[in-house]
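Structural characterization, general
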Amino acid sequence: MEPVQVNENNIGLILDVPLQITVELGRTKKSIKEILELSKDSIVELDKLAGEPVEIQVNGHYLAKGEVVVIDENFGVRITEIASPKERAARLR
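A brief look at the structure comes next. (Residues numbered from 1 in each chain as written. Predicted model: local features only at pLDDT ≥ 70, side-chain atom pairs only at ≥ 80, totals over all residues. Heavy atoms only, no water.)

1. Things to note about the overall build of the protein
Broken down by element type, the protein carries 2 helices and 4 strands. Mapped from its N terminus to its C terminus, the protein presents α and β elements in the order β-α-β-β-β-α. For 93 residues, the compact-globule formula gives about 12 Å, and the C-alpha radius of gyration of the protein, at 18 Å, lies well above that figure. Expressed as lengths along the three principal axes of its C-alpha atoms, the size of the protein is roughly 55 × 40 × 25 Å. Residues classed as buried in the protein amount to 11% of the 93 residues present. Accessible area of the protein: about 8400 Å², with a carbon and sulfur share of 55%. Across the protein, the 12 positively charged side chains and the 16 negatively charged ones have centroids separated by 8 Å. (Helix = DSSP H or I, 4+ residues; strand = E, 2+ residues; numbered from the N terminus. Rg over C-alpha atoms; globule rule 2.2 N^0.38 Å. Buried < 20%, exposed > 50% of the residue type's maximum accessible area, 1.4 Å probe, protein only. Areas by Shrake-Rupley, 256 points an atom, 1.4 Å probe, with all protein chains shown as cover. Lys, Arg positive; Asp, Glu negative; His and termini not counted. Charge placed at Lys NZ, Arg CZ, Asp CG, Glu CD.)

2. Details of the sheet that holds strand 1 (residues 21-24)
Note: strands within a sheet are paired through backbone hydrogen bonds, in either parallel or antiparallel orientation. Taken in spatial order, the 4 strands of this open sheet run 1-2-3-4, and their pairing is antiparallel. The open sheet has two free edges, formed respectively by strand 1 and strand 4 (74-82), since each of these has just one partner strand. Between one strand and the next, the sheet's axes are offset by a mean angle of 40°, whatever the strand orientation. (Pairing = 2+ DSSP bridges. Axes fitted to C-alpha atoms, helices over the stretch in contact; angles between N-to-C directions.)

3. Description of the side chain of Gln57
Within the secondary structure, Gln57 sits in strand 2 (residues 54-58). A distance of 2.9 Å separates the side chain of Gln57 from the side chain of Glu55, its partner in a polar contact. Contact partners of Gln57, with chain neighbours within four places excluded, come to Gln20, Ile21, Thr22, Tyr62 and Leu63. (Polar contact = N/O pair within 3.5 Å; in protein donor to acceptor, adjacent residues only side chain to side chain. Contact = heavy atoms within 4.5 Å.)

4. Some words on a nonpolar patch on the surface
Side chains of Ile21, Val23, Leu25, Ile35, Leu38, Val44, Leu46, Val68, Val70, Phe75 and Val77 sit close together on the surface and give an oily, nonpolar patch of about 980 Å² of accessible area. Of all the secondary structure elements, the ones that give two or more residues to the nonpolar patch are strand 1, strand 3 (61-71) and strand 4. Turning to its location among the elements, Leu46 is positioned in the loop between helix 1 (32-36) and strand 2. (Patch = residues over 30% accessible without salt bridge, like charges linked within 9 Å, V, L, I, M, F, W, Y side chains within 5 Å. Salt bridge = Lys/Arg side-chain N within 4 Å of Asp/Glu carboxyl O.)

5. Quick word on the pairing of strand 2
Bridging between strand 1 and strand 2 involves 4 bridges; their strand directions are antiparallel. Across the sheet, residue Thr22 finds its bridge partner in strand 2, namely Gln57. Both strand 2 and strand 3 contribute to a ladder of 5 bridges, which runs antiparallel. From the neighbouring strand, Ile56 faces strand 3, where its bridge partner is Ala64. Hairpin connection, strand 2 to strand 3: the antiparallel pair is bridged by 2 residues, and Asn59 has positive phi, about 50°.

Interpretation in functional terms is not warranted from these geometric data alone.
Structure (structure tokens):
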């Protein structure tokens, strides 16, 4: 996939606009009772397996898939696939 073409005349106007990037490792559902029983060192199982691709969202909208990496004891995400404009539009519905 080729990068999106950018209009160089206007892009400078928005380069410093902050965006929220979210990486979802997985989800689960718990009852209030189960939440109240959580303590330090509790483990919460998620609906994804270790090594599965994670979803990357920008301002709450799907943008890409990636894989979790560890760099100097910090977590990061390596982007492995960027959604096409058509795929992103379909997820908005």
